[in-house]
Amino acid sequence: MDAFAREVATEAAAINAGFALLFFSQSLVDATALSQALKTHAPTLAYAACSTAGEITPQGLEEGHVLALLLPSASFCAVSAMVDNLSSSGMDRITGEVEALRRLLRGRIGSCHSNSTFALCFIDGLSFAEEAVTSAIHWGLDDIPLIGGSAGDDLKFETTRLISNGKVASDSAIIVLISTEIPFHVFKTDNFVPTDEKLVVTASDPDHRTVREFNATNAAEEYAASVGIVAQTLTPMSFASHPVVVKVGGEYYCRSIQKMHPDGSLSFFCAIDDGVVLSIAQPKDMVESTRAALRDVEERLGGIDMILGFDCVLRRLDARNRQVFRDISELYRVNNVIGFGTYGEQYRSMHLNQTFTGIAFGERQAAE
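Residues numbered from 1 in each chain as written. Predicted model: local features only at pLDDT ≥ 70, side-chain atom pairs only at ≥ 80, totals over all residues. Heavy atoms only, no water.

Chemist: Please give an account of the overall build of the chain that cites residues and values.
Modeler: Secondary structure summary: the chain contains 10 helices and 25 strands in total. In terms of overall size, the chain behaves like a compact globule, its C-alpha atoms giving a radius of gyration of 20 Å where 368 residues would be expected to give roughly 21 Å. The dimensions of the chain, computed from C-alpha atoms along their principal axes, are 60 × 45 × 40 Å. Across the 368 residues in the chain, those meeting the buried criterion constitute 57%. For the chain, the accessible surface area stands at approximately 14900 Å², while carbon and sulfur atoms represent 47% of it. When the 29 basic and 46 acidic side-chain charges of the chain are each reduced to a single mean position, those positions are 3 Å apart. (Helix = DSSP H or I, 4+ residues; strand = E, 2+ residues; numbered from the N terminus. Rg over C-alpha atoms; globule rule 2.2 N^0.38 Å. Buried < 20%, exposed > 50% of the residue type's maximum accessible area, 1.4 Å probe, protein only. Areas by Shrake-Rupley, 256 points an atom, 1.4 Å probe, with all protein chains shown as cover. Lys, Arg positive; Asp, Glu negative; His and termini not counted. Charge placed at Lys NZ, Arg CZ, Asp CG, Glu CD.)

Here is the structure:
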């Protein structure tokens with residue numbers, strides 16, 4: 001860990017970085033050790049870090065890595081805060097944190113960059129709180145666009161870790177406000193279309209995002225019958241390949257299933273409640289839909305310098321299942337995507353699943 005922290009410190013000094021984003025696999029890195037190493041070798045560097053379910057590196061989709069993205073002070077001004085104890089936190093406290101960060105950022109930059117600020121959030125992906133947290137952050141941002149990802153733990157579903165300037169926590173979220181002169185564009189892409197096959201939640205435990213029954217039948221059995229597989233064989237791969245979606249304000253959003261329990265109940269990555277109507281979705285070509293989204297972003301910005309991306313771990317599983325993992329990885333590589341595999345994605349006011357959310361940065365020349 002010391003060698004990595006030393007390298008981060010050297011690079012940060014070379015480009016005068018004011019802030020860093022770090023994404024790490026817990027199978028490789030212990031959060032406390034990473035925090036200690038950064039304290040030793042880069043004591044003045046402000047940063048936000050979270051654990052992952054896979055990484056997106058300059059080489060494409062990888063697993064078992066730690067990576068750092070450094071923001072040079074000449075182009076970026078960043079402030080951040082950690083909100084801990086999410087499960088017992090009032091949402092007003094989160095909105096208050098956001099408002100305090102906005103004042104802090106304004107104090108640092110004056111009003112010159114006020115129309116070019118964006119917000120990032122990293123949330124414990126096992127907190128059951130992402131919807132409420134995302135909504136509370138968005139509420140405090142006014143029209144500042146929000147994008148983010150839920151921290152993962154390599155599909156173990158035990159503990160995720162977040163680090164904010166040396167403080168290590170679970171059941172927490174980090175909010176980062178960043179002002180920049182570089183043109184950017186916030187976007188999302190997914191690859192599913194709803195079918196007419198409906199599942200109505202008839203028995204659930206909303207606090208734990210668990211569904212016991214669909215259509216008054218055992219949840220796993222009813223879901224498996226709807227997608228044409230045997231309930232006993234359900235795995236995260238099955239859920240990635242056969243997503244369910246919910247209609248909100250005329251648009252469909254994924255409500256991904258995390259795992260099956262021995263009693264046939266199903267845990268979700270997103271909020272779920274009695275009476276919610278889910279549609280079984282049919283996946284469409286992930287490579288083509290992702291390529292089209294990236295092309296659209298490139299046209300809007302007149303060229304992409306890099307993309308900070310939050311990619312649902314279920315997309316990664318589905319890409320493997322459909323044997324397009326290498327194609328997706330290559331697409332991310334050639335478009336300079338850096339980021340991580342998530343347990344959920346945040347986009348403006350929404351907490352999503354099975355989606356890629358990202359912020360693309362254009363070439364500075366185009367802005368001048």
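Okay, back to it.
Chemist: Let's hear about the UniProt feature "domain: FIST C-domain" (unreviewed entry) in the chain: which residues, and what values?
Modeler: UniProt tags residues 219-349 as "domain: FIST C-domain" (unreviewed entry). The span residues 219-349 is 38% helical and 30% strand by assignment, and the distance between its end C-alpha atoms comes to 29 Å. (UniProt positions renumbered as here; feature names shortened; annotations may be inferred.)

Chemist: Now, about helix 7 (residues 286-301): what can you tell me, with residues and values included?
Modeler: When the terminal C-alpha atoms of helix 7 are compared, their 23 Å separation across 16 residues agrees well with the 22 Å that a helix rising 1.5 Å per residue should span. Considered for burial, the residues of helix 7 that qualify are M286, V287, S289, T290, A293, L294, V297 and L301. Capping the start of helix 7 is the job of one residue whose side-chain oxygen sits 2.9 Å from the backbone nitrogen of V287: D285. Following helix 7 by one or two positions, G302 adopts a phi angle in the positive range, close to 70°. (Expected span 1.5 Å × (residues − 1). Polar contact = N/O pair within 3.5 Å; in protein donor to acceptor, adjacent residues only side chain to side chain.)

Chemist: Mind laying out the environment of Y47, listing which residues take part and the relevant values?
Modeler: You can see Y47 is positioned in strand 2 (residues 46-51). Between the alpha carbons of Y47 and V211 there is a distance of 37 Å; along the sequence they are 164 residues apart. Not counting residues up to four positions away in its chain, the partners in contact with Y47 are F19, A20, L22, S35, L38, I163, S164, N165 and G166. Within polar-contact distance, the side chain of Y47 engages the backbone nitrogen of G166 at 3.1 Å. (Contact = heavy atoms within 4.5 Å.)

Chemist: An account of the pattern of salt bridges is needed here, citing residue identities and associated values.
Modeler: Side chains bearing opposite charge may pair, as long as their charged atoms lie close to each other. The full count for this structure, using the stated rule, is 13 salt bridges. Between E251 and K188 there is a salt bridge, and its shortest N-O distance comes to 3.6 Å. Here K188 lies in strand 12 (residues 184-189) and E251 lies in strand 17 (residues 251-254), a separation of 63 residues in the sequence. For E251, a relative accessible area of 38% gives the class partly exposed. (Salt bridge = Lys/Arg side-chain N within 4 Å of Asp/Glu carboxyl O.)

Chemist: Describe the packing of aromatic side chains, with residues and values.
Modeler: One pass over the structure, following the stated rule, counts 15 aromatic pairs. Consider the rings of F122 and F310, whose centres lie 6.0 Å apart with planes at 70°: the pair is edge-to-face. Within this pair, whereas F122 is found in strand 7 (residues 117-124), its partner F310 is found in strand 21 (residues 306-312), the two being separated by 188 residues in sequence. The residues F122 and F310 share a single accessibility class, namely buried. Ring centres of F269 and Y343 lie 5.5 Å apart, and the angle between their planes is 50°; on these two criteria the pair is classed as tilted. Within this pair, whereas F269 is found in the loop between strand 19 (266-268) and strand 20 (277-283), its partner Y343 is found in the loop between strand 22 (337-342) and strand 23 (345-347), the two being separated by 74 residues in sequence. Take Y343: its relative accessible area is 0%, and that puts it in the buried class. Clustering of aromatic rings is evident, with ring pairs tying together F23, F122, F310 and F340. Positioned above the aromatic ring of Y347, the side-chain terminus of K188 is 5.9 Å from the ring centre. (Phe/Tyr/Trp six-rings, centres within 6.5 Å; stacked < 30°, edge-to-face > 60°. Lys NZ or Arg CZ within 6 Å of the ring centre and 35° of its normal.)

Chemist: Now, about the sheet that holds strand 2: what can you tell me, with residues and values included?
Modeler: Paired through backbone hydrogen bonds, the strands of a sheet run either parallel or antiparallel to each other. Judged by pairing direction, the sheet is mixed, and its five strands sit side by side in the order 5-1-2-9-10 without closing on themselves. Each edge of the sheet is formed by a strand with only one pairing partner; in this case those strands are strand 5 (66-72) and strand 10 (167-169). Ignoring which end each strand starts from, the neighbouring axes of this sheet average 15° apart. As paired strands, strand 1 (residues 17-24) and strand 2 are joined by six bridges and run parallel to one another. Paired with L21 across the strands is A48, a residue of strand 2. Contacting strand 1 and strand 5, helix 1 (residues 2-15) runs over the sheet at an angle of about 15° to strand 5. In the packing of helix 2 (residues 31-41) onto the sheet, contacts are made with strand 1, strand 2, strand 9 (162-164) and strand 10, and the angle to strand 1 comes to roughly 160°. (Pairing = 2+ DSSP bridges. Axes fitted to C-alpha atoms, helices over the stretch in contact; angles between N-to-C directions.)

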